[in-house]
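An overview of the molecular structure
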There are 2 protein chains.
Amino acid sequence: MHDRLTIVKVGGKVVEELDSLKAFIKDFASIAGQKILVHGGGRSATAIAQQLGLETKMVEGRRITDQNMLDVVVMVYGGLVNKNIVAQLQALNKQAVGLTGADLDLVRAVKRPVKDIDYGYAGDVTGVNTEQIEDLIKNGVIPVVAPLTHDGKGQMLNTNADTMAAELAKAFASVFRVSLVYCFEKKGVLSNPADDDSLIANLSYEMFDEYKESGVINDGMVPKLDNGFAALKRGVSEVFITNIKGLSSGLSSGTLLSLD
Amino acid sequence: MHDRLTIVKVGGKVVEELDSLKAFIKDFASIAGQKILVHGGGRSATAIAQQLGLETKMVEGRRITDQNMLDVVVMVYGGLVNKNIVAQLQALNKQAVGLTGADLDLVRAVKRPVKDIDYGYAGDVTGVNTEQIEDLIKNGVIPVVAPLTHDGKGQMLNTNADTMAAELAKAFASVFRVSLVYCFEKKGVLSNPADDDSLIANLSYEMFDEYKESGVINDGMVPKLDNGFAALKRGVSEVFITNIKGLSSGLSSGTLLSLD
């Protein structure tokens, strides 16, 4: 039986404001066993870009990453957000290391081919190298992973954090019993986004298809769930969508995905 | 006999312009055996700060680091400069990991006490934790270290890169036979800063004292050499001051420090 590894992806305001970050880190640190944290940082990147006079362009929720915007996301995701999380974990005596996909060659990607839209320096993941960090994880170190990849030729690339978490989960599924947790502002997947009590506690792939078709599930939730179901299909043991409360209560609330 | 570990500190334009960075990385990567790279990034930090409308204040070559400036150096040193170096090393098939003092609890510091000058979030090093990265280094991984520390209570701090390199050298001297190399624009320590041929090939502590008194050695070179001699006194095997050419020629040129 493999050891359990919990991979938590957190984004939004939670990681970008010091008070909520501290609260989140405390809950995250209390998860038993081995773990990886994947974080976003889009709002901070947008704010810094604006201060630098750069306009943020998004297409279907994805950032257009030109050279200047790449510098911003490498600074903000790889530097500011990542190191503040690591420092907060160290303050709780949790041994942590901040990584991008370039560090220890963790996640390689190719620059997204231009079809209808030129996303610029956006990276589509081609491979995850678990070898170097497996021992660190087994020694109790928590990798804190920024949503950045590299192409193996010296180029950093910007990769969606939900995708990054799913790719790590799939790759580590051969070494650990992996639980993938998407932690965000809402309780989980809601059948009515305006009603916080409309939580779908169990979501099968068939239901997901129906909800998608009827428009109940839409926007940013669709790629998140696509990523989640893809991870389940590739050997990840459990995929949860929840909020901090769900995370801190030992995943007793939220949406649990299932393939049947 | 301990294995050799070469710790190179590089700063200035070399790491902050892509062409010279690539040339430097190639030379650095060709150094035989185990190694650590410590980098600066002050010019980039000053440039980004300026774009953000922040004024850079320096006192005796040290940056005054208020909250906004701290965010800038964490972004620029820990993100932009660090990750570009790591990606370039990976492009040469050199396994590397970018670290700050917070990562793996590598370097702890205290916020510098306010005496005559309030340096803000400047960190004076209190300890180096070699334990976590020793195995990585022995497995051939190159730590790329940004000049940032943490206080163990969740606060990132800004630490001089020359000091960071010397502190790492001293700490690793009990585990490795350490060579510390300060790589910068000039050939080494010059007896006449205007004359590139006035290289002092061997500099004893006594000579350093005399040159300091007569003003031949001054400004930024003094703390660099103070750091270098302190490292020698604490068990570091060799300390060199050289440029890229000296580095790439197997340290056959430059200034070698000695205690007698």
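What you see is a predicted model; the values in this text were computed from it and never measured. (Residues numbered from 1 in each chain as written. Chains lettered and ligands numbered in written order. Predicted model: local features only at pLDDT ≥ 70, side-chain atom pairs only at ≥ 80, totals over all residues. Heavy atoms only, no water.)

**Side note on helix α4 (residues 67-91) of chain A**
Residues and elements named next belong to chain A. The line we're drawing: Numbered from the N terminus, helices here are DSSP runs of H or I no shorter than four residues, and strands are runs of E no shorter than two. Each residue after the first adds 1.5 Å to the expected span of a helix. What is called the bend at a residue is the angle between a pair of axes, fitted to the seven residues leading up to and ending at it and to the seven starting from it. Each residue's exposure class comes from its accessible area (1.4 Å probe, protein chains only) as a fraction of the maximum for that residue type: buried when under 20%, exposed when over 50%, partly exposed otherwise.
The end-to-end C-alpha distance of α4 is 35 Å, a good match for the 36 Å that 25 residues give at a rise of 1.5 Å each. Considering bend angle alone, the principal kink of α4 is centred on N82 and spans about 35 degrees. Taking burial as the measure, the 25 residues of α4 include 20 buried ones, the bulk of the element. After α4 finishes, the residue N93 shows a positive phi value of roughly 60 degrees.

**Some thoughts on the sheet that holds strand β14 (residues 255-258) of chain B**
Residues and elements named next belong to chain B. Stated precisely, the cut-off is as follows: Should DSSP find at least two bridges between two strands, the strands are taken to pair. Axis definition: a line fitted to C-alpha atoms, limited for helices to the stretch in contact. Angles are taken between N-to-C directions and run from 0 to 180 degrees. Note on contacts: a residue pair qualifies if any of its non-hydrogen atoms lie within 4.5 Å across the two residues.
Sheet architecture is open: eight strands sit in the order β5-β8-β2-β1-β11-β13-β14-β12, paired in mixed fashion. Where the open sheet ends on each side, the last strands, each with one partner, are β5 (96-99) and β12 (202-204). The average undirected angle you get between the axes of adjacent strands in this sheet is 20 degrees. The pairing of strand β2 (residues 34-39) with strand β8 (residues 142-145) spans two bridges and is classified as parallel. When the sheet's bridge partners are listed, L37 is paired in β8 with V144. Packed on one face of the sheet, helix α7 (residues 205-214) meets β12 and β14 and runs near 85 degrees to β12.

**Regarding the interface of chain B and chain A**
In plain terms, the rule: A quick way to say it: buried area is the sum, across both parts, of accessible area lost when two parts are put together, with a 1.4 Å probe. The salt bridge criterion pairs a side-chain nitrogen of Lys or Arg with a carboxyl oxygen of Asp or Glu, the two atoms within 4 Å.
Across the boundary between the two partners, chain B contributes 35 residues, which contact 35 residues of chain A. Roughly 2900 Å² is buried in total at the junction of chain B and chain A, and carbon and sulfur atoms are behind 63% of that figure. Where chain B touches chain A, the interface holds two salt bridges. The shortest N-O distance in the salt bridge between D103 of chain B and K83 of chain A comes to 3.0 Å.

**Focus on the nonpolar core**
Stated precisely, the cut-off is as follows: Here, nonpolar core means buried Ala, Val, Leu, Ile, Met, Phe, Trp, Tyr and Cys residues that are tied together by side-chain atoms lying within 4.5 Å of each other.
Of all hydrophobic cores here, the largest spans 87 residues; its most connected members are I7, L180 and L225 of chain A together with I7, L180 and L225 of chain B. Other than its neighbours up to four places away in sequence, L225 of chain B contacts V189, L203, F208, I217, I241 and L257 of chain B. If you look at the next biggest cluster of nonpolar residues, it comprises 82 residues, including F24 and I85 of chain A together with I25 and V72 of chain B.

**Observations regarding the side chain of T100 of chain A**
With respect to the secondary-structure elements, T100 of chain A resides in the loop between β5 (96-99) and β6 (107-111). With a relative accessible area of 0%, T100 of chain A lands in the buried category. When sequence neighbours within four positions are dropped, the list of residues in contact with T100 of chain A reads G78, L106, A146, L148 and M156 of chain A together with K83 of chain B.

**Focus on the UniProt feature "site: Transition state stabilizer" (unreviewed entry) in chain A**
Residues and elements named next belong to chain A. Quick reminder of the rule: UniProt positions are given in the numbering used here, feature names are shortened, and annotations may be inferred rather than shown by experiment.
This chain's UniProt record puts "site: Transition state stabilizer" (unreviewed entry) on K9 and K224. For the annotated residues, spread through 216 residues, the largest C-alpha to C-alpha distance comes to 10.6 Å, consistent with a single compact locus. Within the secondary structure layout, K9 lies in strand β1 (residues 4-10). Contact partners of K9, with chain neighbours within four places excluded, come to V38, A161, D162, A165, V181, Y182, C183 and K224.

**Focus: the relation of the copies chain B and chain A**
Inclusion rule: Copy-to-copy alignment: least squares on C-alpha atoms, limited to residues at pLDDT 70 or above in both.
Superposition of chain B onto chain A requires a rotation of 180 degrees combined with a translation of 0.0 Å along the rotation axis, giving an RMSD of 0.0 Å. On the angle and the small slide along the axis, the relation comes out as a two-fold axis. Of the residues that chain B buries at the interface, 100% are likewise interface residues in chain A, meaning the two copies contact each other through the same surface.

**So, the environment of H150 of chain B**
What counts here: As used in this structure description, the phrase polar contact means that two N or O atoms lie within 3.5 Å; if the pair is within protein, one of them must be able to donate a hydrogen and the other to accept it, and residues adjacent in sequence are counted only when both atoms belong to side chains.
Along the polypeptide, H150 of chain B turns up in strand β9 (residues 148-150). Placed 42 residues apart in sequence, H150 of chain B and R108 of chain B show a C-alpha to C-alpha distance of 5.2 Å. Residue contacts for H150 of chain B: discarding those within four places in its chain leaves Q90 of chain A together with G101, A102, D105, V107, R108, A109, Q155, M156 and L157 of chain B. A distance of 2.7 Å separates the side chain of H150 of chain B from the side chain of D105 of chain B, its partner in a polar contact.

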